[in-house]
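# Observations on the three-dimensional arrangement
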Amino acid sequence: MLASDGPTILDTLPHPVLLVAPDGVIESANMAAEIFMRSSASVLRRHPISDFVPFGSPLLTLIEQVRERAAPVNEYKVDIGSPRIGAPKMVDINAAPVTDRPGAVVLMFQERTMAEKIDRQLTSRGAARTVTGLAAMLAHEIKNPLSGIRGAAQLLEQSVVDDDRSLTRLIMDETDRIVKLVDRMEVFSDERPIEREPVNIHVVLDRVKSLSDNGFARNKRIVEIYDPSLPPVFANKDQLIQVFLNLVKNASEAIGDDPDGEIRISTAFRPGVRLSVPGTEQRVSLPLEFCVQDNGPGVPDDLLPHLFEPFITTKTNGSGLGLALVAKIIGDHGGVIECDSQRERTIFRILMPAYAGDTTPDTDTASEGTE
């Protein structure tokens, strides 16, 4: 049974755990539950569980099922979000009876967000690999004929009347634009090993901020929230600069000319996230968290699940390759990138392994997916 006061062993669990009394009142909660429910244990103990979830929530039905069956019940992908605890809150619920207290139920919530975002990241990475083959084909099959078209247009320009020269110039300009697009796509076909070394992420971010302040983010407010004690990341410095320049540029474009627009760049150490290495029993730890946040209008809900796929963009003249390239670079480094977005709060969060003193990231042995 959960203790109602003082620290317990359940406080070490990363998942929220609640004890619901027979009358429906929350009797005790571990520390993770206090964070999840956005209330202290003393406040939680004064309210029934129904005060924290929407009317008619499947959670309430689940509790009744456990009482009726006197046996554990599991429910997956349940949204228990509410204005009180935040919305949405998609969780897997493990509910079990307390053997020596008829009617009392123990609830454990497992948030699905991280697992689903990692799955989405892996899907986006697969889409980027699909573009790899397409890029190689385009480079060979398109760039050569484009060179001939441009050369022909240059020759025509010398013999046509002035009124028609705008058309030959249009042909050359559009040909150059297509070549630049193909050049950008060729980056996806580069499968050479990444040259990596221990990198101080704050040196990277200082460089990015300097470039931003003197370029696209001039006159924009950039706030830095750094953890100076972070260990180095095992990465390619130039590629990390490319990643964060892209993210900060997107954030700058999102806030536009809003005088209250703000970009936040933060670093933190977040232990507890591990990702399975396909084909092995290893799990790589991803304790380094780097975030770029803006208070712009947010990403449309229908676009969010596909944000890191190639050719997905909200920009009028965008190619949709920037974030796909960011996802590829982070994936090649063994990391994960995710996006949380709502109005006036969009966060791009990167999780990466720390440098472990050799050429491989810190790993653990395990037999299953993410934690």
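Here the structure is a predicted model, which means the values were calculated and not measured.

## So, the overall build of the protein chain
When you go through the protein chain residue by residue, the secondary structure sums to 8 helices and 15 strands. Out of the 371 residues belonging to the protein chain, those deemed buried represent 40%. When contacts within the protein chain are restricted to residue pairs at least 6 apart in sequence, those whose partners lie at least 24 apart make up 63%. When the accessible surface of the protein chain is summed, it comes to about 19800 Å², and 52% of that surface belongs to carbon and sulfur atoms.

## Notes on the packing of helix α6 (residues 201–213) against helix α7 (residues 237–255)
A pair of packed helices can be characterised by two numbers: the angle between their axes and the separation between those axes. Contact geometry of α6 with α7 gives a least axis separation of 9 Å together with a crossing angle of 50°. For the element pair α6 / α7, the angle class is oblique. Between α6 and α7 the crossing geometry is right-handed. Where α6 abuts α7, its residues Ile201, Val203, Val204, Leu205, Arg207, Val208, Leu211 and Ser212 lie against Lys237, Leu240, Ile241, Phe244, Leu245 and Val248. Partitioned by chemical class, the residues of the contact of α6 with α7 number 11 nonpolar, 1 polar and 2 charged.

## Thoughts on the packing of α7 against helix α8 (residues 322–332)
Across the interface, α7 lies against α8 with an axial gap of 10 Å and an inter-helix angle of 145°. Every pair of crossing elements has a handedness; the one defined by α7 and α8 is left-handed. Two secondary-structure elements touch here, α7 through Gln239, Gln242, Val243, Asn246, Leu247 and Asn250 and α8 through Gly322, Leu323, Leu325, Val326, Ile329 and Ile330. Looking at the contact of α7 with α8 residue by residue, the class counts come to 7 nonpolar, 5 polar and no charged.

## Some words on the pairing of strand β14 (residues 345–352)
Counted residue by residue, β14 has 7 buried out of 8 residues, so it is predominantly covered. As paired elements, strand β13 (residues 336–342) and β14 share 7 bridges and run antiparallel to each other. Following the sheet pairing, Ile337 is matched in β14 by Ile350. In textbook terms, the turn of a hairpin is the stretch between consecutive antiparallel strands, and for β13 and β14 this stretch comprises 2 residues, one of which, Glu344, has a positive phi near 65°.

## Overview of the side chain of Thr346
Along the polypeptide, Thr346 turns up in strand β14. One polar contact links Thr346 to Ser341, side chain to side chain, over a distance of 2.8 Å. Other than its neighbours up to four places away in sequence, Thr346 contacts Val292, Gln293, Asp294, Gly298, Val299, Cys339, Asp340 and Ser341.

## Some remarks on the confidence of the model for the protein chain
Summing up the model confidence of the protein chain, the mean pLDDT is 78 and the portion of residues at 70 or higher is 75%. In this model residues 3–7 is a low-confidence stretch, pLDDT under 50, and it forms 7 contacts with partners more than four residues away in sequence or in other chains. Confidence drops under a pLDDT of 50 for residues 363–371, and excluding neighbours within four residues, the segment shows 27 contacts in the predicted structure.

## Remarks on the packing of aromatic side chains
Geometrically, a pair of aromatic rings is defined through the distance of the ring centres and the angle of the planes. Counted under the stated rule, the structure contains 3 aromatic pairs. Summarising the aromatic geometry, the rings of Phe36 and Phe109 are spaced 5.4 Å apart at their centres and angled 40° between planes, so their arrangement reads as tilted. With Phe36 in helix α1 (residues 31–37) and Phe109 in strand β5 (residues 105–111), this pair connects stretches of sequence that are 73 residues apart. For Phe36, a relative accessible area of 3% gives the class buried. Classification of Phe109 by relative accessible area gives buried; the value is 0%. Measuring from centroid to centroid gives 6.2 Å for Phe244 and Phe290, while their planes differ by 65°, and the two rings are edge-to-face. With Phe244 in helix α7 and Phe290 in strand β12 (residues 288–294), this residue pair connects regions lying 46 residues apart in the sequence. On the basis of relative accessibility, which here comes to 1%, the residue Phe244 falls in the buried class.

Parameters at a glance
For every chain, the first residue of its written sequence is number 1, and the numbers climb from 1 along that sequence. Local features are withheld for residues below a pLDDT of 70 in this predicted model, meaning they are given only at 70 or higher, and side-chain atom pairs are given and counted only at 80 or more; totals for whole chains, interfaces and linings count all residues. In computing side-chain properties, one takes all heavy atoms of the structure into account and sets aside hydrogens as well as water. Helix and strand definitions here come from DSSP, where helices need a minimum of 4 consecutive H or I residues and strands a minimum of 2 consecutive E residues; each element is numbered from the N-terminal end. Whether a residue is buried, partly exposed or exposed follows from its accessible area with a 1.4 Å probe, protein chains only, as a fraction of its type maximum: under 20%, in between, or over 50%, in that order. Note on contacts: a residue pair is in contact if any heavy atoms of the two residues lie within 4.5 Å. Note on areas: Shrake-Rupley, 1.4 Å probe, and residue coverage restricted to the protein chains presented here. Each axis is a line fitted through C-alpha atoms, and for a helix only the stretch in contact is used; angles between axes span 0 to 180 degrees, taken between their N-to-C directions. Throughout this description, any angle smaller than 35 degrees is read as roughly parallel, any larger than 145 degrees as roughly antiparallel, any in the 65 to 115 degree range as roughly perpendicular, and the remainder as oblique. For any helix crossing, the convention is left-handed if the near helix is rotated counterclockwise from the far helix by under a right angle, and right-handed if that rotation is clockwise. For this classification, Asp, Glu, Lys and Arg are treated as charged, while Ala, Val, Leu, Ile, Met, Phe, Trp, Tyr, Cys and Pro are nonpolar and the rest, including Gly, are polar. Only strands that DSSP links by at least two bridges are regarded as paired with each other. The term polar contact refers here to a pair of N or O atoms within 3.5 Å; inside protein, the definition further demands a hydrogen-donor-capable atom paired with an acceptor-capable atom, and it admits residues adjacent in sequence only when both atoms are side-chain atoms. By definition, pLDDT measures how confident the predictor is in each residue, and it falls between 0 and 100. Any two rings among Phe, Tyr and Trp, with Trp reduced to its six-membered ring, count as a pair given centres within 6.5 Å; such a pair is stacked if its planes are under 30 degrees apart, edge-to-face if over 60, and tilted if neither.

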